[in-house]
Amino acid sequence: MDMLAENLRKIYAESGAEALLIEQDFLRAYLTGFYSTDGFVVLDKDFCTLIVDSRYIEAAQKSLGGGNIRVVEGVYKTAIELLKGKKKIAAPYPFMNATRYLALKEEGFELSDCMPALKKAMLYKNEKELALIGKACEIAEDGLLSILPELKEGMKEKDVAGLLEYRMCLLGASGTSFDTIVAFGENGSVPHHETGERRLKFGDPVLIDFGCKYGGYCSDCTRTFLFGDDKKHEEFKKIYAHVLKAHELVKEKLVAGMTGKEADAIARDYLENKNLGKYFTHSLGHGIGLQIHEYPMLYPRGEEKIENGMVFSDEPGVYIAGKLGIRIEDSVTMKDGKVVSFMKKTERNLVIL
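Cut-off values and rules
- Residues numbered from 1 in each chain as written.
- Predicted model: local features only at pLDDT ≥ 70, side-chain atom pairs only at ≥ 80, totals over all residues.
- Heavy atoms only, no water.
- Helix = DSSP H or I, 4+ residues; strand = E, 2+ residues; numbered from the N terminus.
- Buried < 20%, exposed > 50% of the residue type's maximum accessible area, 1.4 Å probe, protein only.
- Polar contact = N/O pair within 3.5 Å; in protein donor to acceptor, adjacent residues only side chain to side chain.
- Contact = heavy atoms within 4.5 Å.
- Pairing = 2+ DSSP bridges.
- Axes fitted to C-alpha atoms, helices over the stretch in contact; angles between N-to-C directions.
- Parallel < 35°, antiparallel > 145°, perpendicular 65-115°, else oblique.
- Left-handed = near helix turned anticlockwise from the far one by under 90°.
- Nonpolar A, V, L, I, M, F, W, Y, C, P; charged D, E, K, R; others polar.
- Salt bridge = Lys/Arg side-chain N within 4 Å of Asp/Glu carboxyl O.
- Expected span 1.5 Å × (residues − 1).
- Phe/Tyr/Trp six-rings, centres within 6.5 Å; stacked < 30°, edge-to-face > 60°.
- Lys NZ or Arg CZ within 6 Å of the ring centre and 35° of its normal.

This part covers the side chain of H233. Relative to the helices and strands, H233 resides in the loop between strand 12 (221–226) and helix 9 (234–253). Overall, H233 belongs to the buried group, its relative accessible area being 14%. For H233, the side chain forms a polar contact with the main-chain oxygen of G203, separated by 3.1 Å. For H233, the contacting residues outside a window of four places in its chain are G203, P205 and L226.

Rendered as structure tokens:
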């Protein structure tokens, strides 16, 4: 039995149901290895069946033919037919709408939540998944490095974001992991700034939070620069050094078995000691996979343990309203008990463009 079949068997057993019905696109992709915008997966003790309509049937059969996934052409009614004779059905509640829930109840099924079983499996990335995430990170870094020499005074934030997204696609990305954030000057003080019309000026800090998808898997990276040195950013440079230290301390001190809360505290305690803790306004990190925000969560209430095979971000930041924002972020994994970064090409020390 190959790894996929074994994984499916474990998810089925963990669910405690007679069958699972999965509709969400990224969960279907996780279970079958095939992405489509619409479709269903029915997983029972004997089979994993992917149901797609006529737009996808040829591609799905070509991709999955000869494997352990059955491919059937159909729609929702097809899934219901496969579930006939079963009573206890599990579906991922966090991604299920009320209309579908009520429709299944009307069909007479007893429903339960299979998301805990899926979450448990998806926490740990296999070698194939790690390789895809690594490639997504490589493309993202290459994309950033390709545009930095082209930054010029007068460019808009949205111009830089568009150029970066274009370059990542040229390098092989299937799309972005999320809407690219480019923040010039004081706009960096908003952690999730909406990229806009602000034009680049000499001496501006430049914060770029970006990532792309490859093979369905995401990358996530943030770098903060100075666009020329106007000798007016001594405080910025000092704070940058502290954010960088907090970022690197996580890589040095976080080990397998620590909780998300303990991981977050490594960076947060350091910044607190530098009187910057109140400006670190978000979590240290989040899981990364088929979605840009997955488990584990590295935040002050995180009780989940960080273990080998998990992938997450290391992204401390300092944000002073109306003044500045600095974030340094890598996508990382836990390997042999230690943090290993996927980011190998872009500089973390302060770069003056």
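The subject of this paragraph is the sheet that holds strand 20 (residues 351–352). Spatially, the 4 strands line up as an open sheet ordered 8-9-12-20, and their pairing is mixed. The two strands at the open ends of the sheet, each matched to only one other strand, are strand 8 (181–184) and strand 20. Contacting strand 9 (205–210) and strand 12, helix 7 (residues 127–147) crosses the sheet at an angle of about 150° to strand 9. The strands touched by helix 8 (residues 157–170) are strand 8 and strand 9; relative to strand 8, the strand with the most contacts, the crossing angle is about 145°.

Between helix 9 and helix 10 (residues 260–273), the shortest axis-to-axis distance is 9 Å and the interhelical angle comes to 150°. By the angle between their directions, the pair helix 9 and helix 10 is classed as roughly antiparallel. For helix 9 against helix 10, the interelement crossing comes out right-handed. Listed contacts from helix 10 to H242, V243, K245, A246, L249, V250 and K253 of helix 9 are A263, I266, A267, Y270 and L271. Here the residues of the contact of helix 9 with helix 10 are counted per class, giving 9 nonpolar, 1 polar and 2 charged.

The next subject is the pattern of salt bridges. Where charged atoms from two side chains of opposite charge approach closely, those side chains can pair. By the definition in use, this model includes 28 salt bridges. A salt bridge links D142 to K345; its shortest N-O distance comes to 2.9 Å. Remark: K345 occurs in the loop between strand 19 (338–341) and strand 20 and D142 occurs in helix 7; sequence separation between them is 203 residues. The partner of D330 in a salt bridge is R348, and the shortest N-O contact between them spans 2.8 Å. With a gap of 18 residues between them, D330 in strand 18 (residues 330–335) and R348 in the loop between strand 19 and strand 20 connect regions that are remote in the sequence. R348 shares its class with D330; the two are buried. If you follow the salt bridges from partner to partner, you end up with K135, E138, D142 and K345 in one network.

Here we come to the pairing of strand 12. Put simply, side chains in a regular strand alternate between the two faces of the sheet. Summarising burial for strand 12: 6 of the 6 residues are buried, a large majority. As paired elements, strand 9 and strand 12 share 6 bridges and run antiparallel to each other. Counterpart to D209 in the pairing with strand 12 is T222. For strand 12 and strand 20, the ladder comprises 2 bridges, and the chain directions are parallel. If you follow F225 over to strand 20, its bridge partner there is V351.

Right, let's get into the sheet that holds strand 1 (residues 19–22). Spatially, the 6 strands line up as an open sheet ordered 4-3-2-1-5-6, and their pairing is mixed. The two strands at the open ends of the sheet, each matched to only one other strand, are strand 4 (69–73) and strand 6 (110–113). Along the sheet, successive strands turn relative to each other by an average axial angle of 25°, direction set aside. Sheet strands touched by helix 4 (residues 76–83): strand 1, strand 2 (40–44), strand 3 (48–52), strand 4 and strand 5 (88–91). Its angle to strand 2, the strand with the most contacts, is close to 5°.

End to end, helix 7 covers 31 Å across 21 residues, agreeing with the expected 30 Å (1.5 Å per residue, within 8%). Where helix 7 is concerned, the buried positions are E129, L130, L132, I133, A136, C137, I139, A140, E141, G143, L144 and I147. Of the residues that open helix 7, the one with a side-chain oxygen 3.1 Å from the backbone nitrogen of K128 is N126.

The subject of this paragraph is the packing of aromatic side chains. Within the structure shown, the criterion is met by 5 aromatic pairs. Centre to centre, the rings of F34 and Y56 are 6.4 Å apart; their planes meet at 85°, and the pair counts as edge-to-face. With a gap of 22 residues between them, F34 in the loop between helix 2 (25–32) and strand 2 and Y56 in the loop between strand 3 and helix 3 (57–64) connect regions that are remote in the sequence. With respect to burial, F34 and Y56 carry one shared label: buried. Relative to Y240, the ring of F236 has its centre 6.4 Å away and its plane inclined at 35°; by these criteria the two rings are tilted. Taken together, the positions of F236 and Y240, both in helix 9 and 4 residues apart, correspond to about one turn of that helix. One exposure class covers both F236 and Y240, and it is buried. Note that R100 overlies the ring of Y76, its terminal NZ or CZ placed 4.1 Å from the centroid. Looking at R268, its charged tip hangs above the ring of F280, at a distance of 4.0 Å from the centre.

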